[in-house]
Amino acid sequence: MSLIADAFYLYFLKWLHLPLQTSVRYTPKDGISKAMRLAFKKGDFRFPIFYYFYPRFKIQKIKSFIMKLLEGKTAIVTGASRGIGKAIAIKFAEEGCNIAFTDLFEDENMKATEAEIAALGVKAKGYASNAADYADTEKVVGEIANEFGQIDVLVNNAGITKDTLLMRMTEDQWDAVINVNLKSVFNFTKAAQKTMLKQRSGSIVNLSSVVGVSGNAGQSNYSASKAGIIGFTKSIAKELGSRGVRSNAIAPGFIITEMTAKIPEDARKAWEANIPMKRGGTPDEVAKTALFLASDLSSYVSGQVINVCGAMNT
Ligand SMILES: NC(=O)c1ccc[n+]([C@@H]2O[C@H](COP(=O)([O-])OP(=O)(O)OC[C@H]3O[C@@H](n4cnc5c(N)ncnc54)[C@H](O)[C@@H]3O)[C@@H](O)[C@H]2O)c1
């Protein structure tokens with residue numbers, strides 16, 4: 001008997017879910033009564049019925065039941081026209097987050113990513129900007145703050161490699177990697193912190209790498225930039241913690257993207273053979289960790305580095 005009652009109850013919740021979500025999504029800050037008026041206006045009586053018959057459900061309980069993890073928030077993701085950044089932007093958008101993302105050029109990739117995110121029902125805009133450039137970053141973050149009105153999450157994802165042994169590494173190869181991978185994190189964090197400090201909340205997620213933790217032959221520039229990100233992440237967590245801003249890093253292992261597609265087939269197979277889970281990770285697997293760090297699921301996690309590497313780094 002109780003099984004039938006449970007099944008009926010679950011069906012009832014499913015029936016209510018869509019109008020509830022619609023009502024609350026448009027009025028996340030105005031509370032239940034405005035959401036109810038909106039539902040009435042739309043001629044949908046499911047929400048009021050639910051509220052009338054289940055008064056024991058408190059507003060927060062209803063909201064947490066129907067609202068997505070990043071509902072009504074705004075995130076900036078750098079270098080998100082493809083790869084891990086794109087997967088993060090899409091994962092956040094699926095959780096109700098408005099997305100401002102950057103990449104070097106306003107090209108087909110950027111337009112396609114913007115359209116894919118917008119199709120998820122959130123606000124989405126791609127900005128052409130060089131993350132390594134301080135002035136460019138100040139300008140674009142200012143534009144985003146004006147356009148979106150808030151910055152709740154910053155994902156510093158833009159990155160490049162210029163791998164070679166130290167004996168062959170040029171000054172340009174060193175500077176390019178340090179500027180795009182590390183200076184960009186300083187540029188964006190500094191520009192976005194003003195808004196986060198005003199809001200007294202925010203989550204910063206920086207893309208480091210397992211080689212930033214353990215080093216790698218032929219990647220001294222890249223490893224140094226990724227190790228620098230870890231030091232920066234921990235310092236910012238200590239600096240901004242009292243103001244409600246969290247800062248964490250993700251250290252992915254071998255993730256299958258266009259960045260790693262450059263690695264020759266045999267070298268890639270050798271890498272994979274050395275991973276305890278015997279495979280490369282997917283951008284989506286990194287995005288799931290970014291979602292945890294961006295959302296309140298990690299409300300007491302700050303100054304940490306999370307390896308997403310199939311046990312490559314333990
Ligand atoms: N793929 C991996 O195995 C792996 C492992 C560890 C860490 N990471 C890190 O994750 C991040 C994303 O990697 P990915 O594999 O998706 O790389 P990717 O090359 O596929 O994507 C990087 C994106 O950043 C953009 N970008 C490059 N320079 C930029 C700049 N100056 N300004 C703005 N955008 C710029 C690129 O145009 C590209 O769209 C990087 O920081 C990378 O170092 C990747």
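Here, the structure is the one placed above.
Since we're looking at a predicted model, the values are computed, not measured.

Undergrad: Kindly report on the overall build of the protein chain, identifying the contributing residues and their values.
TA: Summing up its helical and strand segments, the protein chain has 13 helices and seven strands in all. The long-range fraction of contacts in the protein chain, counting pairs at least 24 apart against all pairs at least 6 apart in sequence, stands at 72%.

Undergrad: How would you explain the packing of helix α5 (residues 83-94) against helix α6 (residues 108-118) if you had to name every residue and give the values?
TA: Contact pair α5 / α6: the axes reach a minimum separation of 9 Å and the direction vectors enclose 20°. Classified by the interaxial angle, the pair formed by α5 and α6 is roughly parallel. Note that α5 runs across α6; the crossing there is right-handed. In contact with K86, A89, I90 and A93 of α5, α6 contributes T113, E116 and I117. Grouping the constituent residues of the contact of α5 with α6 by class yields four nonpolar, one polar and two charged.

Undergrad: Give a detailed account of the sheet that holds strand β6 (residues 245-252), specifying residues and quantitative values.
TA: The seven strands lie next to each other as β3-β2-β1-β4-β5-β6-β7, forming an open sheet whose pairing is parallel. With one partner strand each, in any of the chains shown, β3 (124-128) and β7 (305-308) form the two edges of the open sheet. Neighbour-to-neighbour, the strand axes of the sheet open up by a mean angle of 15°, direction not taken into account. Both strand β1 (residues 74-77) and strand β4 (residues 153-156) contribute to a ladder of three bridges, which runs parallel. Note on β4: the bridge partner recorded for V77 is V155. Relative to the sheet, α6 contacts β2 (98-103) and β3, its axis offset from that of β3 by approximately 160°. Most of the contacts of helix α8 (residues 171-199) go to β4, to which it runs at about 175°, and overall it touches β1, β4, β5 (202-207) and β6.

Undergrad: Let's hear about the site of the ligand: which residues, and what values?
TA: The environment of the ligand is made up of 27 residues, and the closest members are G79, G83, G159, T257 and M259. When contributions to the shell around the ligand are tallied by element, the ones reaching two or more residues are α5, β2 and α11 (258-261). Across the shell around the ligand, the residue classes tally to twelve nonpolar, twelve polar and three charged.

Undergrad: Lay out the nonpolar core with the relevant residues and their values.
TA: In this structure, I88, A89, F92, I99 and A290 are the most contacted members of the largest nonpolar core, which totals 62 residues. Looking at this core, the element that brings in the most residues is α8, giving eight residues. Setting aside its immediate chain neighbours within four residues, A290 contacts I88, K91, V155, V205 and I250.

Undergrad: Which residues make up α6, and what values go with them?
TA: Think of an α-helix as turning once every 3.6 residues; residues three or four places apart then point the same way. All of the buried residues in α6 are M110, T113, E114 and I117. Seen from one end, α6 has its buried residues packed into an arc of 100°, which puts them on one side. Exposed positions of α6 whose direction lies more than 90 degrees from the buried face are E108, K111 and A115. Among the structural elements, α5, β2 and β3 are those in contact with the buried residues of α6.

Undergrad: Would you mind going over unusual backbone geometry in detail, with residue names and values included?
TA: A positive phi angle is found at R200, which is not glycine, with a value near 60°. Inspection of the secondary structure puts R200 in the loop between α8 and β5. Backbone geometry places A311, a non-glycine residue, at a positive phi of 75°. Checked against the element boundaries, A311 lands in the segment after β7. Residue classification places A311 among the exposed positions, given that 11 C-beta atoms sit within 10 Å.

Quick notes on the rules
Residues numbered from 1 in each chain as written. Predicted model: local features only at pLDDT ≥ 70, side-chain atom pairs only at ≥ 80, totals over all residues. Helix = DSSP H or I, 4+ residues; strand = E, 2+ residues; numbered from the N terminus. Contact = placed C-beta atoms within 7 Å. Axes fitted to C-alpha atoms, helices over the stretch in contact; angles between N-to-C directions. Parallel < 35°, antiparallel > 145°, perpendicular 65-115°, else oblique. Left-handed = near helix turned anticlockwise from the far one by under 90°. Nonpolar A, V, L, I, M, F, W, Y, C, P; charged D, E, K, R; others polar. Pairing = 2+ DSSP bridges. Near = placed C-beta within 6 Å. Core = buried A, V, L, I, M, F, W, Y, C linked by C-beta atoms within 7 Å. Buried ≥ 20, exposed ≤ 12 C-beta atoms within 10 Å, placed from the backbone. Arc of directions from axis to C-beta.

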